[in-house]
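# Close look at the chain arrangement
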Amino acid sequence: MVEHASTDREIADCYDVMAELRPHIPREQFLPLVRSMQADGFRLACIRDAGRVVAVAGYRFGTSLFAGRHLYVDDLVTADSERSKGYGRELLAWLRALAVENDCDVFHLDSGVQRKRAHAFYLREGMEQSSLHFSVRLKPR
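In what follows, the accompanying structure is described. (Residues numbered from 1 in each chain as written. Predicted model: local features only at pLDDT ≥ 70, side-chain atom pairs only at ≥ 80, totals over all residues. Heavy atoms only, no water.)

## Some details on the packing of aromatic side chains
Convention followed: The criterion for an aromatic pair is that two Phe, Tyr or Trp rings (for Trp, the six-membered ring) have centres within 6.5 Å, with stacked assigned to planes under 30 degrees apart, edge-to-face to planes over 60 apart and tilted to the rest. Type-normalised accessible area, obtained with a 1.4 Å probe on protein chains alone, sets the label of each residue: buried when under 20%, exposed when over 50%, and partly exposed for intermediate values. The secondary structure listing takes helices from DSSP runs of H or I that are at least 4 residues long and strands from runs of E that are at least 2 residues long, numbered from the N terminus.
Per the counting criterion, the structure on display carries 4 aromatic pairs. Ring centres 6.0 Å apart and planes at 85 degrees place the aromatic pair Tyr 59 and Phe 61 in the edge-to-face group. One exposure class covers both Tyr 59 and Phe 61, and it is buried. Between the aromatic rings of Tyr 59 and Trp 94, the centroid separation amounts to 6.1 Å while the plane-to-plane angle is 80 degrees, which identifies the pairing as edge-to-face. Residue Tyr 59 is found in strand S3 (residues 52-64), and its partner Trp 94 is found in helix H4 (residues 87-101); the two are separated by 35 residues along the sequence. Given the relative accessible area of 0%, Tyr 59 is considered buried. An aromatic cluster of three or more residues is present, and its members are Tyr 59, Phe 61 and Trp 94.

In structure tokens form, the structure reads like this:
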């Protein structure tokens with residue numbers, strides 16, 4: 001079952017799984033960073049199995065000229081040891097339902113070009129590759 005991570009403890013519990021996707025974020029910076037992002041509308045959701053977080057999603061609602069009202073997924077990750085058990089599918093379906101419930105026109109996410117397994121998963125789940133994302137790093141990590 002998907003739940004929101006809203007207390008400090010619940011957010012901190014998501015770190016180990018999120019770090020598999022975002023290893024550049026040190027543990028001690030995770031909670032303050034999530035809290036600062038929440039001021040901009042960021043939300044964190046997770047799935048637990050036997051009390052342990054096994055999948056995490058960071059998302060936000062927004063409105064833009066190109067997409068109208070949308071739910072954008074910043075992060076979606078299942079613990080490597082827990083893949084192919086349906087957690088990612090459950091979390092993705094929950095997020096899509098949340099987008100529909102909140103009258104969104106579009107549900108979207110970006111995925112790093114190196115994440116071929118994730119791309120295959122998104123395509124299997126009915127998503128389409130609809131654009132290319134371009135960026136340039138302005139500060140070193």
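There's plenty left to go through after this.
## Description of the pairing of strand S4 (residues 68-78)
Our working definition: The pairing criterion is simple: DSSP has to find at least two bridges between the two strands.
With respect to burial, S4 is a largely interior element, 10 of its 11 residues being buried. The sheet contact formed by S3 and S4 spans 10 bridges and is antiparallel. Bridge assignment links Phe 61 to a residue of S4, and that residue is Leu 71. Adjacent in sequence and paired antiparallel, S3 and S4 are bridged by 3 residues. Sheet topology places S4 next to strand S5 (residues 106-109); 4 bridges connect them, and they run parallel. Considered in S5, the bridge of Val 73 is made with Leu 109.

## Concerning the side chain of Thr 78
This is how it is decided: Contacts: residue pairs with any heavy atoms within 4.5 Å of one another.
If you trace the backbone, Thr 78 turns up in strand S4. Other than its neighbours up to four places away in sequence, Thr 78 contacts Val 17, Glu 20, Val 54, Ala 55, Arg 83, Tyr 87 and Gly 88.

## With respect to the environment of Asn 102
One can find Asn 102 in the loop between H4 and S5. Between the C-alpha atom of Asn 102 and that of Tyr 122, which follows or precedes it by 20 residues, the distance is 21 Å. For Asn 102, the contacting residues outside a window of four places in its chain are Phe 61 and Arg 69.

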